[in-house]
Amino acid sequence: AGGMESFPPIAAVVPCYLPNEQHIIEETVQWIMREVEYPGELEVSIVYNTPEDLPEIEGRLQELQASATWPKGRSFRVMRVKDSKSKAANLNA
């Protein structure tokens with residue numbers, strides 16, 4: 001039988017602790033959004049905590065979120081989890 005197969009949408013949630021991962025998170029997001037091979041809808045969410053404001057990296061993550069240039073209609077969102085003390089808590093946000 002012909003026709004396109006239907007693939008369910010996937011949501012990937014990536015928890016981060018920014019002070020430790022601030023130097024790799026942008027590259028990680030770019031790789032996931034551009035290189036992951038999946039023909040269906042993909043939404044990636046970065047949920048992070050940080051004990052201090054990190055305006056430079058937080059601003060760049062917001063810019064990535066606003067980007068409309070992701071391939072295949074993929075979407076990306078970022079959320080700072082206030083009062084979180086762990087990546088596990090970030091997942092529950």
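Below or above, wherever it landed, is the structure these notes cover. (Residues numbered from 1 in each chain as written. Predicted model: local features only at pLDDT ≥ 70, side-chain atom pairs only at ≥ 80, totals over all residues. Heavy atoms only, no water.)

Side note on the pairing of strand 2 (residues 42-49)
Note the following rule: Note on exposure labels: buried denotes an accessible area under 20% of the residue type's maximum, exposed denotes more than 50%, and partly exposed covers the range between, all computed with a 1.4 Å probe on protein chains only. Helix and strand labels come from DSSP, where a helix needs a run of H or I of at least four residues and a strand needs a run of E of at least two; each type is numbered from the N terminus. Only when DSSP finds a minimum of two bridges between them are two strands counted as paired. A crossover gets the label right-handed when its path from the first strand over the helix to the second runs clockwise, viewed with the strands pointing away from the viewer.
Where burial is concerned, most of strand 2 is hidden: seven out of the eight residues are buried. Relative to strand 2, strand 1 (residues 10-17) runs parallel, the two being bridged by eight bridges. Bridge pairing links Val14 to Ile46 in strand 2. The pairing of strand 2 with strand 3 (residues 75-80) spans six bridges and is parallel. Note on strand 3: the bridge partner recorded for Val47 is Met79. Regarding the hand of the β-α-β motif, the stretch spanning strand 2, helix 3 (residues 55-66) and strand 3 is right-handed.

Here's the deal with the sheet that holds strand 3
Note the following rule: Angles here are taken between N-to-C directions and fall from 0 to 180 degrees, while the axes themselves are lines fitted to C-alpha atoms, restricted in helices to the stretch in contact. Whether two residues touch is decided by their heavy atoms; if any such pair falls within 4.5 Å, the residues are in contact.
Spatially, the three strands line up as an open sheet ordered 1-2-3, and their pairing is parallel. Two strands lie at the open edges of the sheet, namely strand 1 and strand 3, each paired on one side alone. Ignoring strand direction, the axes of neighbouring strands in this sheet form an average angle of 15°. Most of the contacts of helix 2 (residues 25-35) go to strand 2, to which it runs at about 165°, and overall it touches strand 1, strand 2 and strand 3. Each of strand 2 and strand 3 touches helix 3; the most contacted strand, strand 3, lies at about 150° to it.

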